[in-house]
Amino acid sequence: MRRNEYLPEGVCPLFPENQPLSVLREAMEDQTVLEGLTIRCDARRDLTVRFGGYEGVIPRADGIHPAISGAERDIALLSRVGKPTCFTVTGIETDGGGRPHFTLSRRAAQEQAIAYLLEHGAPGAVLPARVTHLESFGAFVDLGCGFTSLIPLENLSVSRVSHPSDRFRAGQDILAAVTGVDAASCRFYLTHKELLGTWLENAARFAPGSAVPGIVRGIKEYGIFIELAPNLTGLAEWRGDVSPGDAVSVYIKSIRPDTRKIKLQIIQNLGPAREPADIRYFITDGTIDGWAY
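Source: prediction; values computed, not measured. (Residues numbered from 1 in each chain as written. Predicted model: local features only at pLDDT ≥ 70, side-chain atom pairs only at ≥ 80, totals over all residues. Heavy atoms only, no water.)

Attention shifts here to the state of the cysteines. A complete count under the given rule lists zero disulfides for this structure. Of all cysteine sulfurs in the structure, the one in Cys86 sits closest to Cys145, which takes part in no disulfide; the separation is 4.1 Å. Using a relative accessible area of 0% as the deciding quantity, one classes Cys145 as buried. (Disulfide = S-S within 2.5 Å. Buried < 20%, exposed > 50% of the residue type's maximum accessible area, 1.4 Å probe, protein only.)

For Leu264, the location among the structural elements is in strand 15 (residues 261-272). Between the alpha carbons of Leu264 and Thr233 there is a distance of 9.8 Å; along the sequence they are 31 residues apart. Setting aside residues no more than four positions away along its own chain, Leu264 makes contact with Ile226, Leu228, Gly234, Leu235, Ala236, Glu237, Val250, Tyr251, Ile252 and Lys253. (Helix = DSSP H or I, 4+ residues; strand = E, 2+ residues; numbered from the N terminus. Contact = heavy atoms within 4.5 Å.)

On to the packing of aromatic side chains. According to the stated counting rule, one finds 10 aromatic pairs in the structure shown. Where Tyr54 meets Phe102, the ring centres are 5.2 Å apart and the plane angle is 70 degrees; that geometry is what we call edge-to-face. One end of the pair, Tyr54, is in strand 3 (residues 54-58); the other, Phe102, is in strand 5 (residues 100-105), with 48 residues separating them in the sequence. Summarising the burial analysis for this pair, Tyr54 and Phe102 share the class buried. (Phe/Tyr/Trp six-rings, centres within 6.5 Å; stacked < 30°, edge-to-face > 60°.)

With that settled, the discussion passes to the environment of His101. Within the element layout of this structure, His101 appears in strand 5. In this structure, the C-alpha to C-alpha distance between His101 and Tyr54, residues 47 residues apart in sequence, is 8.4 Å. In this view, His101 contacts Gly91, Ile92, Glu93 and Asp95; residues no more than four positions away in its chain are not counted. Only 3.1 Å separates the side chain of His101 from the side chain of Asp95, close enough to count as a polar contact. (Polar contact = N/O pair within 3.5 Å; in protein donor to acceptor, adjacent residues only side chain to side chain.)

On to the sheet that holds strand 5. With mixed pairing, the five strands of this closed barrel are ordered in space as 1-2-3-5-4. Direction aside, the axes of adjacent strands within the sheet are offset by 50 degrees on average. As paired elements, strand 4 (residues 84-94) and strand 5 share six bridges and run antiparallel to each other. Within strand 5, the position partnered with Thr94 by the bridge is Pro100. Packed on one face of the sheet, helix 3 (residues 106-120) meets strand 3, strand 4 and strand 5 and runs near 125 degrees to strand 4. (Pairing = 2+ DSSP bridges. Axes fitted to C-alpha atoms, helices over the stretch in contact; angles between N-to-C directions.)

Phi is positive for Arg45, close to 70 degrees, though the residue is something other than glycine. By secondary structure assignment, the location of Arg45 is in the loop between strand 1 (34-41) and strand 2 (47-51). Positive phi, normally seen in glycine, also occurs at Cys186, with a value near 55 degrees. Tracing the sequence through the fold places Cys186 in the loop between strand 9 (173-182) and strand 10 (187-191). A relative accessible area of 18% places Cys186 in the buried class.

Right, dumping it as structure tokens:
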């Protein structure tokens, strides 16, 4: 699924400079979603947004969808400072000197995005998303206009990681697939691993006799599990000088499609992996009807 208007915050360019006031009046009439930079959150938790040479205020009640409340709402509003923020224009007034004052609503933009997702984001739909923050249990992603959902840790990839930071970083643009929708609570359930290819698709990128980089993901008495790709792991003989999270170079001894097994030999420990491995998607749009690893 592709969207032009309801993309994650920060994906679209900010509202351009030197636009006449008539453009913003038209945007208010059409309730067009715009994007600016939040420059302040005051003690009342009202947000001030700068856009195209203008400034406007998002009142606290319109700062975020009502599904978030209490202390979490305050944190979500405070964390907008210095970041791109989506909004619609809900009011324009001019003072005695003819200077316009704008009232804005981020909540209204989010409600538009949610309505669009409820219509087009059925189970199996592939959505663009941006990682907002990482917790031990999963990655929160922006599905559009700051409306966030969770990808659980176990759904990030077939190769298991101890923390989402092993796979993603905040601000990263990714894809996600919908596994379920709770329309009453405006909740979308997401997964990621199905977009990263099957065992055979990933194994086809490698050949016995070659040396490639990998990341240690698990250590057992009988061997060391090494991730070659987010959805592909091989097994090397045990050795005592590596730890989970280490980057290593490995020699591919054999690839067995019949048993879905790859035998490896560690060549060298390269030290702790510094960045999450690059993500290669095998599915980038459309709808996933079925998936067998």
